[in-house]
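Analysis of the macromolecular model
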Amino acid sequence: MECIFCKIINKEASADIVYEDDKVIAFKDIKPKAPIHLLIVPKKHINSVNEINSEDKDLVGEIFLVAKKIAQDFGIKEIGYNLLINVGQGGGQEIPHLHIHLMGDKDKN
Ligand code: 5GP
Ligand code: ZN
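Residues numbered from 1 in each chain as written. Chains lettered and ligands numbered in written order. Predicted model: local features only at pLDDT ≥ 70, side-chain atom pairs only at ≥ 80, totals over all residues. Heavy atoms only, no water.

**Some points on the side chain of H101**
For clarity, the cut-off: Strands here mean DSSP runs of E at least two residues long; helices mean DSSP runs of H or I at least four residues long; both are numbered from the N terminus. What qualifies as a polar contact is a pair of N or O atoms within 3.5 Å, subject to a donor-acceptor requirement within protein and to the restriction that residues adjacent in sequence count only when both atoms come from side chains. Two residues form a contact once any of their heavy atoms are found within 4.5 Å.
Assignment of secondary structure puts H101 in strand 5 (residues 100-104). A distance of 2.9 Å separates a polar atom in the side chain of H101 from a polar atom in the side chain of H37. Excluding residues that lie within four positions of it along the chain, H101 makes contacts with D29, H37, L38, L39, N82, L83, L84 and N86.

**Examining the coordination of the zinc ion (ligand 2)**
Here is the rule we go by: Sodium, potassium and calcium take a 3.2 Å donor cutoff, other metals 2.8 Å, and in both cases only N, O and S atoms count; water is not among them, so sites may look incomplete. For every residue, the accessible area obtained with a 1.4 Å probe (protein chains only) is divided by the maximum for its type, and the residue is called buried under 20%, exposed over 50%, and partly exposed between those limits.
The zinc ion (ligand 2) binds to the protein through C3 (SG), C6 (SG), H45 (ND1) and H97 (ND1); the donor distances cover 2.0 to 2.3 Å. Here the donor residues of the zinc ion (ligand 2) share one chain and are spaced in sequence as C-x2-C-x38-H-x51-H. Of this pair, C3 sits in the segment before helix 1 (4-9) while H45 sits in the loop between strand 3 (36-42) and helix 2 (57-73); the two residues are 42 residues apart in sequence, bridging distant segments of the chain. We classify C3 as buried; its relative accessible area is 10%.

If you want it as structure tokens, here you go:
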């Protein structure tokens, strides 16, 4: 498996992990574009939003609940933050493993 996010999930590659449970992992983006820039990733390899099936409905819900939890843990839930999902080449998706970008700034008001 050449997928870098699967390697991070399988601990074959390192990452600054901020959250993990049996279905979801979240880690710091290696090239942050905001003071807080995290990637929330389902452990199941799904290429992109285009490959989500109805059997993944609960998992897709989980990644958003994790996003909210992490926003709270990082102290930006009330201030607000950005969630971004790039889809496919035209959408600027670089890593073909579904993920949500969570970007925020504690000092924003
Ligand atoms: P995409 O463009 O696919 O939506 O976003 C991929 C993100 O993953 C980029 O923001 C990029 O900086 C980040 N990224 C790429 N490779 C690695 C890596 O090996 N480790 C971590 N932590 N982030 C990565
Ligand atoms: Zn993968």
